[in-house]
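An overview of the molecular structure
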Amino acid sequence: MGQIKIFSPATVANLSCGFDVLGCCLDNVGDIMTIRENDVQEIRITKIIGQNLPMETGKNVAGVAAKSILSTLKSSQGFDIEIEKKIKAGSGIGSSAASAAGAVFAVNKLMGDPFTASQLIPFAMEGEKLASGNAHADNVAPALLGGFSLVKSYEPLEVISLPTPEELRVVVLHPLIEIKTRDSRSILRQSVSLEKAIKQWGNLGALISALYTRDYELFGRSLQDEIVEPVRSILIPYFDELKKIAAENGALGFGISGSGPSVYAMCRGDEVAEKVKSSIKEFYKSKAIDFELHLSEINPHGIKILS
Ligand code: HSE
């Protein structure tokens, strides 16, 4: 029976100016998944370590995503899925995306690679739909493709991989409160003023340009969000103070990671990133909120095969 063990990475979606269309892949934060063929023609979630998540296939994002790829392949092959969840649910760093993308990646491998990484995105999006009610691709695309991904359009789905400036580092603070993506989407306004839209697409265009030209300073100045951050940041304890601390310590830019509560600071080089990380730590440890802090490079490859 075929088996594969993978590392499925966390991701930072939106990156301030790219709500639902932009995301990047982290290198050292992620789940471990083991997927093996079974002979019972069923997808089964056989073990979940580290989180209390549904074991029922139809209610589990990995199960739903795996079912989606197999139904397109018209295959009755069964798989057992074990997930060691290191990314907490409701953290804002793509927990559901890691499970969904990992499941479709592994099933695709064990089925002999019938799909390319890009073609796997819609199957993984089925998991996101189950988790948040919305099939957004800005976490699953970078998890599958690595680096930075831009969702050019959803209908039809078109995702573009963008270059990764090598010196970029990401500091992620995860205050240990849970914010469900479904809830933090429900508070967003459904319409946007032309004035704000102009600022937003100006920043998004500039950010894409900065990635191609490796203009770190422009990249940082483009990490601005006129539309979502003002609404969602009220859910994140000490957001304004954290943003100020990141800027004072040399971060290129700072914002909400995905739907929060995690926040991210983009930095150039390890030295600045370490400084930003320690100053955020210093500030947050005096507050009555538990937290986790990560410092990661951008992962250019996405999901990794461990064995
Ligand atoms: N773009 C999605 C949102 C990402 O912000 O709701 C969720 O991680």
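Residues numbered from 1 in each chain as written. Predicted model: local features only at pLDDT ≥ 70, side-chain atom pairs only at ≥ 80, totals over all residues. Heavy atoms only, no water.

1. Here we look at the overall build of the protein chain
- A tally of helices and strands in the protein chain yields 10 helices and 11 strands.
- Relative to the globule expectation of 19 Å for 307 residues, the C-alpha radius of gyration of the protein chain, 19 Å, shows essentially globular dimensions.
- Referenced to the eigenvectors of the C-alpha coordinate spread, the extents of the protein chain come out at roughly 60 × 40 × 35 Å.
- When the 307 residues of the protein chain are sorted by exposure, 56% land in the buried category.
- For the protein chain, long-range pairs separated by at least 24 residues make up 73% of all intrachain contacts whose partners lie at least 6 apart in sequence.
- On the protein chain, roughly 13100 Å² of surface is accessible, and the fraction owed to carbon and sulfur atoms is 50%.
- Each charge class in the protein chain can be summarised by its mean position, and for the 32 positive and 36 negative side chains these summaries are 2 Å apart. (Helix = DSSP H or I, 4+ residues; strand = E, 2+ residues; numbered from the N terminus. Rg over C-alpha atoms; globule rule 2.2 N^0.38 Å. Buried < 20%, exposed > 50% of the residue type's maximum accessible area, 1.4 Å probe, protein only. Contact = heavy atoms within 4.5 Å. Areas by Shrake-Rupley, 256 points an atom, 1.4 Å probe, with all protein chains shown as cover. Lys, Arg positive; Asp, Glu negative; His and termini not counted. Charge placed at Lys NZ, Arg CZ, Asp CG, Glu CD.)

2. Examining the packing of aromatic side chains
- In the structure shown here, the tally under the stated rule is 7 aromatic pairs.
- With a centroid separation of 6.1 Å and 90 degrees between ring planes, the pair formed by Y238 and Y284 is classed as edge-to-face. Taken as a pair, Y238 in the loop between α8 (229–232) and α9 (239–248) and Y284 in helix α10 (residues 270–284) lie far apart in primary sequence, 46 residues in all.
- Overall, the relative accessible area of 34% leaves Y238 in the partly exposed class.
- Ring geometry for Y284 and F291: centres 5.6 Å apart, planes at 85 degrees, overall edge-to-face. (Phe/Tyr/Trp six-rings, centres within 6.5 Å; stacked < 30°, edge-to-face > 60°.)

3. Topic: the layout of surface pockets
- Its volume calculated, the largest pocket comes out at about 610 Å³.
- Along its surface, the largest pocket is lined by 39 residues, and A89, G90, S96, A131 and T181 are the ones closest to its centre.
- Across the lining of the largest pocket, the residue classes break down as 13 nonpolar, 16 polar and 10 charged.
- Reported here for the second largest pocket is a volume of approximately 400 Å³.
- What lines the second largest pocket is a set of 19 residues, and nearest its centre among them are F19, R189, V192, I227 and V228.
- Summarising the domain contributions, the lining of the second largest pocket has at least three residues from each of domain 1 (3–163) and domain 2 (168–297). (1 Å grid on protein atoms, 1.4 Å probe; cavity = no way out; pocket = protein on both sides within 12 Å on 5 of 7 lines; lining within 4 Å. Points joined across faces, edges and corners; volume = space filled by probe spheres on them. Nonpolar A, V, L, I, M, F, W, Y, C, P; charged D, E, K, R; others polar. Domains from an automatic or database assignment.)

4. Observations regarding the nonpolar core
- Membership of the largest hydrophobic core comes to 70 residues, with the highest contact counts inside it found for L22, I81, F148 and M266.
- Here this core gathers at least three residues from each of two domains, domain 1 (3–163) and domain 2 (168–297).
- Contacts of L22, omitting those with residues within four sequence positions, involve V12, A13, N14, L15, C17, D138, S149, L150, L162, L204, L207 and I208.
- One finds L173, I245, A246 and F283 within the second-largest nonpolar core, a separate group that totals 21 residues. (Core = buried A, V, L, I, M, F, W, Y, C linked by side-chain atoms within 4.5 Å.)

5. A few points about a nonpolar patch on the surface
- Taken together, the side chains of I187, I234 and L235 define a hydrophobic patch exposed on the protein surface, amounting to about 280 Å² of accessible area.
- Considering the arrangement of structural elements, one finds L235 in the loop between α8 and α9. (Patch = residues over 30% accessible without salt bridge, like charges linked within 9 Å, V, L, I, M, F, W, Y side chains within 5 Å. Salt bridge = Lys/Arg side-chain N within 4 Å of Asp/Glu carboxyl O.)

6. Overview of the site of the ligand
- Contacts to the ligand come from A13, N14, F19, D20, H136, D138, N139, T181, R185, R232, G258 and S259.
- D20 has a polar side-chain atom sitting 2.5 Å from a nitrogen atom of the ligand.
- At 2.7 Å, a side-chain N or O of R185 approaches an oxygen atom of the ligand.
- In isolation the ligand has 260 Å² of accessible area, and contact with the protein removes 97% of it.
- Its atoms largely coinciding with the cavity grid, the ligand occupies the largest pocket.
- Its residues placed into classes, the shell around the ligand shows 2 nonpolar, 6 polar and 4 charged.
- Summarising the domain contributions, the shell around the ligand has at least three residues from each of domain 1 (3–163) and domain 2 (168–297). (Near = heavy atom within 4 Å. Polar contact = N/O pair within 3.5 Å; in protein donor to acceptor, adjacent residues only side chain to side chain. Sits in = over half its atoms within 2 Å of the grid points.)

7. Regarding the domain arrangement of the protein chain
- For the protein chain, the assigned domains are domain 1 (3–163) and domain 2 (168–297).
- Using C-alpha coordinates to define each centre, domain 1 is positioned 24 Å away from domain 2.
- Taken together, the contact pairs 35 residues of domain 1 with 44 residues of domain 2.
- Together, the buried faces of domain 1 and domain 2 total about 2700 Å²; carbon and sulfur atoms form 61% of this surface.
- Area buried by domain 1 at its contact with domain 2 is led by S16, C17 and P163, which between them contribute 23% of it. (Buried area = accessible area lost by both parts, 1.4 Å probe.)

8. Thoughts on the side chain of R185
- Position of R185 relative to the elements: it lies in helix α5 (residues 181–186).
- Classification of R185 as buried rests on a relative accessible area of 16%.
- Polar side-chain contacts of R185 include one of 2.7 Å to the side chain of D20.
- Those residues in contact with R185 that sit more than four places away from it in its chain are F19, D20, N134, H136 and R232.

9. Let's talk about helix α3 (residues 117–132)
- Spanning 16 residues, α3 covers 23 Å between terminal C-alpha atoms, matching the ideal 22 Å at 1.5 Å per step.
- The sharpest bend along α3 measures roughly 30 degrees and falls at F123.
- Turning to α3, its buried residues are L120, I121, F123, A124, M125, G127, E128 and S132.
- Elements that come into contact with the buried residues of α3 comprise α1 (61–72), α2 (95–110), α4 (140–145), β5 (148–154), β6 (157–162) and α5.
- A positive phi of about 85 degrees marks G133, the residue just after α3. (Expected span 1.5 Å × (residues − 1). Bend = angle between axes of the 7 residues up to and from the residue.)

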